[in-house]
2 protein chains.
Amino acid sequence: MSRFETPASLDEIRAVMRELPGPDTVAAEAAAAREATLTKPAGALGRLEEVTAWLAAWQGRHPPQLERPRVCVFAGNHGVAARGVSAYPAEVTAQMVANFIEGGAAINQLCKLADADLRVYEMALDQPTADFTEAPAMDEDSCARAAAYGMMAVEPGIDLLCLGEMGIANTTSAAALVTALFGGSAADWVGPGTGVSGEALARKTAVVAAGVERHRDAATDAFDMLRRLGGQELAAICGAVIAARLARTPVLLDGFACTAAASVLYAFDPRALDHCLVSHVSAEPGHRRLLEILGQRPLFDLGMRLGEASGAALAIPILKAAVACHTGMATFAEAGVSGAVE
Amino acid sequence: MSRFETPASLDEIRAVMRELPGPDTVAAEAAAAREATLTKPAGALGRLEEVTAWLAAWQGRHPPQLERPRVCVFAGNHGVAARGVSAYPAEVTAQMVANFIEGGAAINQLCKLADADLRVYEMALDQPTADFTEAPAMDEDSCARAAAYGMMAVEPGIDLLCLGEMGIANTTSAAALVTALFGGSAADWVGPGTGVSGEALARKTAVVAAGVERHRDAATDAFDMLRRLGGQELAAICGAVIAARLARTPVLLDGFACTAAASVLYAFDPRALDHCLVSHVSAEPGHRRLLEILGQRPLFDLGMRLGEASGAALAIPILKAAVACHTGMATFAEAGVSGAVE
């Protein structure tokens with residue numbers, strides 16, 4: 001299958017996963033070599049230097065560029081919302097999509113500031129997934145179609161892909177997914193989401209536990225778990241992460257639901273997220289736990305828990321700063337600055 | 001003394017310190033009130049919401065603005081550099097100032113990206129302070145003059161003041177200052193700075209211990225300690241922080257040397273830094289210890305240790321994002337988004 005052909009089934013996606021390209025180590029080494037010549041003590045820009053090398057490795061070029069970041073927000077509805085697991089009614093998903101389109105959401109302001117191209121993908125909001133406590137959330141075809149839809153968000157020429165989601169009840173789906181994939185109890189992974197507590201939180205935990213109980217043993221692999229417990233927007237994020245790898249586009253993941261979606265790929269192959277950085281650690285408690293499992297060090301922790309790619313978009317200026325320092329700084333020789341004393 | 005008259009002595013600065021204005025609580029409350037109406041779950045933007053309220057409180061207006069950030073880098077030379085406490089020779093201070101002016105340093109790239117006005121203040125680089133192991137670093141007049149010089153960096157119309165420094169050996173001076181002000185041993189506060197280790201690090205620690213030993217008991221207060229163990233650029237930072245408070249300009253502090261300078265004001269009056277946020281925690285180990293004493297939670301930790309206001313400048317986009325979300329987002333009513341279910 002060529003890299004621009006869209007897989008038609010989960011099996012075709014599994015096949016793509018077995019041929020993921022690795023990093024461009026030559027580009028990463030070129031970044032490290034230039035870094036050592038710039039007018040600063042070695043390593044003084046800390047993680048900005050790591051980010052530059054990572055961008056070079058996964059863009060496959062030196063110097064890396066960050067002129068065309070794209071932010072994709074996938075929106076989906078969840079049958080499990082009917083079980084009262086969210087602080088908001090399910091119609092808020094569509095209302096917030098309208099808000100994205102009108103420019104009134106946080107992500108609009110953040111994209112404008114970062115000069116990023118915002119794309120909002122509305123995924124059949126009038127056709128929510130099935131309630132996973134009763135049946136698999138999606139059949140094979142819908143799940144593959146949702147992933148393929150996510151793949152189409154990746155186009156040539158994008159320097160960075162920021163992923164996010166909107167979907168009332170999707171932290172319930174995300175918690176079920178990671179409980180099933182990585183173990184632990186539902187209570188370990190369930191958090192307030194948009195803001196549930198008390199009885200509603202207990203209900204959310206029970207719903208997650210019931211879903212995991214129903215599907216964990218029946219699932220054949222991580223993609224089958226995605227189909228059973230996930231959602232359309234979560235499957236789309238998986239597709240977008242895979243397509244970005246094929247297109248040599250580094251990825252910034254956002255918060256809990258987004259990272260949980262991508263973790264399906266990690267569960268299938270731990271190298272599958274090497275081209276992804278997680279922008280921030282969410283206040284949703286399961287996120288920190290998940291980041292530890294994935295071996296991901298987030299760039300910042302500002303107590304955000306909004307989703308809609310807001311953390312990822314806020315990280316764009318940090319990545320731009322890394323590239324700007326790397327490409328724009330003078331070398332010791334150019335600036336006539338003395339080096340370190342032996 | 002009017003707020004725009006420049007103090008001529010340390011005593012006049014002490015007098016100003018006794019009349020620092022407090023926050024505008026009305027503006028902060030207006031920020032909180034609007035925050036609650038915006039299309040996101042309550043508190044979902046985490047510290048961005050806190051930052052907005054803090055900007056409103058210290059700018060004294062709602063909504064806060066962030067159109068005109070200024071970045072000031074003060075550069076000074078230190079007599080103690082002759083004792084081999086830095087990985088770089090003292091002439092690097094002047095060479096780096098030239099690099100700032102030519103646009104080749106990290107701070108130039110970061111200011112360009114953040115659309116910030118960069119000002120570099122070169123402080124008599126050919127007249128370093130005295131070696132504090134032998135004598136007070138500065139006499140009263142020089143210290144007051146340096147602080148007054150820093151005050152002049154604050155002009156009407158600036159929305160945010162980011163402070164930073166350049167000065168070979170100034171982490172030695174900073175470590176001595178905070179050891180004397182806050183206790184602990186020299187080894188608790190001394191770190192690699194530009195990159196010393198082994199014998200050089202032991203020498204740096206011994207120099208700090210000797211300086212503290214010589215001046216701690218003789219000093220009459222925090223400003224006198226600044227005069228004895230500090231440097232011209234550190235005194236300038238103190239002055240700039242005070243002037244910003246008077247001008248209702250919130251301040252972003254940078255790394256270890258910058259925060260150590262500002263901590264002189266905290267030691268004099270713990271409320272004196274309420275209009276300051278520390279942008280990041282530096283890899284220089286004393287910084288984290290100092291932030292705990294000051295009760296400051298940095299915005300991010302990216303392992304940076306460059307100084308020259310680089311961390312503060314990198315934080316500007318985060319503050320701009322906070323303001324952009326606060327002012328640009330639609331309210332639930334405007335967007336027709338349903339609120340939380342009771």
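Trainee: Would you explain the relation of the copies chain B and chain A in this entry?
Mentor: Copies of the same chain, two in number, are related to each other by a rotation about an axis and a translation along it. Least-squares fitting of chain B to chain A yields an RMSD of 0.0 Å, with the transformation described by 0.0 Å of translation along the axis and a rotation of 180 degrees. The superposition operator between the copies reduces to a two-fold rotation axis. The position closest to the rotation axis in chain B is occupied by the C-alpha of F300 of chain B, lying 2.7 Å away. Both copies present the same face, since 100% of the interface residues in chain B are matched by interface residues at the equivalent positions in chain A.

Trainee: What am I meant to see in the interface of chain B and chain A here?
Mentor: Size of an interface: often given as the accessible area lost when the parts come together. Facing the 52 residues of chain B at the interface are 52 residues of chain A. Across the interface of chain B and chain A, roughly 4100 Å² is buried in total on both sides, 69% from carbon and sulfur atoms. If you sort the residues of chain B by the area they bury against chain A, P41, Y88 and L302 of chain B come out on top, with a joint share of 14%. Summed over the shared surface of chain B and chain A, the number is 0 salt bridges. The tally of links from chain B across to chain A stands at 14 residue pairs in polar contact (both at pLDDT 80 or more). Secondary structure elements with two or more residues in the side of chain B that touches chain A: α3 (47-59), α4 (91-102), α5 (106-114), α14 (310-328) and α15 (332-335) of chain B. No other element matches α14 of chain B, which puts 8 residues into the side of chain B that touches chain A. Grouping the constituent residues of the side of chain B that touches chain A by class yields 32 nonpolar, 14 polar and 6 charged.

Trainee: What should I look at first to understand the packing of helix α14 (residues 310-328) of chain A against α14 of chain B in this one?
Mentor: The description of two packed helices rests on the angle between their axes and on the distance between the axes. Across the interface, α14 of chain A lies against α14 of chain B with an axial gap of 9 Å and an inter-helix angle of 160 degrees. Comparing the axis directions of α14 of chain A and α14 of chain B gives the class roughly antiparallel. Here the hand of the crossing between α14 of chain A and α14 of chain B comes out right-handed. Contacts between α14 of chain A and α14 of chain B pair L314, P317, I318 and A321 of chain A from the former with L314, P317, I318 and A321 of chain B from the latter. Tallied by class, the residues present in the contact of α14 of chain A with α14 of chain B amount to 8 nonpolar, no polar and no charged.

Trainee: Would you explain the packing of aromatic side chains in this entry?
Mentor: Each aromatic ring pair is characterised by the separation of its centres together with the angle its planes make. Taken as a whole and judged by the stated rule, the model has 10 aromatic pairs over all chains. Taking the centre distance of 6.4 Å and the plane angle of 10 degrees together, the rings of F332 of chain A and Y88 of chain B count as stacked. Here the residue F332 of chain A occupies a position in helix α15 (residues 332-335), and Y88 of chain B occupies one in the loop between β1 (69-75) and α4, the pair thus bridging two chains. Between the aromatic rings of Y121 of chain B and Y149 of chain B, the centroid separation amounts to 5.9 Å while the plane-to-plane angle is 85 degrees, which identifies the pairing as edge-to-face. Of this pair, Y121 of chain B sits in strand β2 (residues 117-122) while Y149 of chain B sits in helix α6 (residues 140-151), and the two are 28 residues apart along the sequence. Since its relative accessible area comes to 13%, Y121 of chain B is described here as buried.

Trainee: Before we go on, may I ask you to explain unusual backbone geometry in this structure?
Mentor: With the exception of glycine, most residues fall at negative phi, and the peptide bonds are largely trans. Looking along the chain, the bond that leaves H62 of chain A and enters P63 of chain A is cis, with omega of -5 degrees. Of note in this structure, E308 of chain A is not a glycine but carries a positive phi near 50 degrees. Structurally, the position occupied by E308 of chain A is in the loop between α13 (285-294) and α14. We classify E308 of chain A as buried; its relative accessible area is 1%. Here the phi dihedral of A309 of chain B falls at roughly 65 degrees; this positive angle occurs in a residue that is not glycine. Its location among the elements puts A309 of chain B in the loop between α13 (285-294) and α14. Judged by its relative accessible area of 0%, A309 of chain B falls in the buried class.

Trainee: Explanation requested: the sheet that holds strand β4 (residues 251-253) of chain A in the structure shown.
Mentor: The strands making up a sheet are joined through hydrogen bonds of the backbone, oriented either antiparallel or parallel. Residue and element names in this part refer to chain A. Reading across the sheet, the 5 strands line up as β2-β1-β3-β4-β5 and stay open at both edges, with parallel pairing between neighbours. Both outer strands of the open sheet, β2 (117-123) and β5 (276-278), are each paired with one neighbouring strand and no more. Between one strand and the next, the sheet's axes are offset by a mean angle of 25 degrees, whatever the strand orientation.

Trainee: What should I look at first to understand the nonpolar core in this one?
Mentor: Buried together is how nonpolar side chains tend to be arranged in soluble globular proteins. Judged by nonpolar contacts, the single largest core of 257 residues is most densely connected at L163 of chain A together with L163 of chain B. Beyond its immediate sequence surroundings of up to four residues, L163 of chain A is in contact with C72, F74, I237, A240, V241, V251, L252, L253, D254, C258, A309 and A312 of chain A.

Trainee: Help me understand helix α3 (residues 47-59) of chain A, please; the structure alone is not making it clear to me.
Mentor: For an α-helix, 3.6 residues make a turn, and residues three or four places apart therefore share a direction. Residue and element names in this part refer to chain A. Here α3 is 13 residues long and its end C-alpha atoms lie 18 Å apart, about the 18 Å a rise of 1.5 Å per residue gives. With 11 of its 13 residues buried, α3 lies for the most part within the structure. Just beyond α3, the residue with positive phi is G60, at close to 70 degrees.

Trainee: Mind showing me how you'd approach the side chain of D254 of chain B here?
Mentor: Residue and element names in this part refer to chain B. Along the polypeptide, D254 turns up in the loop between β4 (251-253) and α12 (256-268). The side chain of D254 sits in the buried core without any salt bridge; R305 is the nearest counter-charge, 12 Å away. A polar contact is formed between the side chain of D254 and the backbone nitrogen of A309, at a distance of 3.1 Å. Among the polar contacts made by the side chain of D254, one reaches the main-chain amide nitrogen of G311 at a distance of 2.8 Å.

Trainee: Please explain helix α2 (residues 25-35) of chain A as it appears in this structure.
Mentor: Residues and elements named next belong to chain A. Three or more residues of α2 are buried, namely A27, A31 and E35. Along the axis of α2, the buried positions cluster into a sector of 80 degrees, meaning they face one direction only. Pointing more than 90 degrees away from the buried face of α2 are the exposed residues V26 and E29. A side-chain oxygen of the first residue of α2 lies 3.1 Å from the backbone nitrogen of V26; this N-cap is D24.

Trainee: Quick question: what am I supposed to make of the state of the cysteines here?
Mentor: Think of a disulfide as a covalent bridge from one cysteine sulfur atom to another cysteine sulfur atom. Residue and element names in this part refer to chain B. A complete count under the given rule lists 0 disulfides over all chains for this structure. With no disulfide of its own, C111 lies closest to C162 among cysteine sulfurs, the gap being 7.6 Å. Take C111: its relative accessible area is 3%, and that puts it in the buried class. Between C258, a cysteine without a disulfide, and C276, which holds the nearest cysteine sulfur, the sulfur-to-sulfur distance is 8.6 Å.

Rules and cut-offs
Residues numbered from 1 in each chain as written. Chains lettered and ligands numbered in written order. Predicted model: local features only at pLDDT ≥ 70, side-chain atom pairs only at ≥ 80, totals over all residues. Heavy atoms only, no water. Least-squares fit on C-alpha atoms with pLDDT ≥ 70 in both. Contact = heavy atoms within 4.5 Å. Buried area = accessible area lost by both parts, 1.4 Å probe. Salt bridge = Lys/Arg side-chain N within 4 Å of Asp/Glu carboxyl O. Polar contact = N/O pair within 3.5 Å; in protein donor to acceptor, adjacent residues only side chain to side chain. Helix = DSSP H or I, 4+ residues; strand = E, 2+ residues; numbered from the N terminus. Nonpolar A, V, L, I, M, F, W, Y, C, P; charged D, E, K, R; others polar. Axes fitted to C-alpha atoms, helices over the stretch in contact; angles between N-to-C directions. Parallel < 35°, antiparallel > 145°, perpendicular 65-115°, else oblique. Left-handed = near helix turned anticlockwise from the far one by under 90°. Phe/Tyr/Trp six-rings, centres within 6.5 Å; stacked < 30°, edge-to-face > 60°. Buried < 20%, exposed > 50% of the residue type's maximum accessible area, 1.4 Å probe, protein only. Pairing = 2+ DSSP bridges. Core = buried A, V, L, I, M, F, W, Y, C linked by side-chain atoms within 4.5 Å. Expected span 1.5 Å × (residues − 1). Lys, Arg positive; Asp, Glu negative; His and termini not counted. Arc of directions from axis to C-beta. Disulfide = S-S within 2.5 Å.

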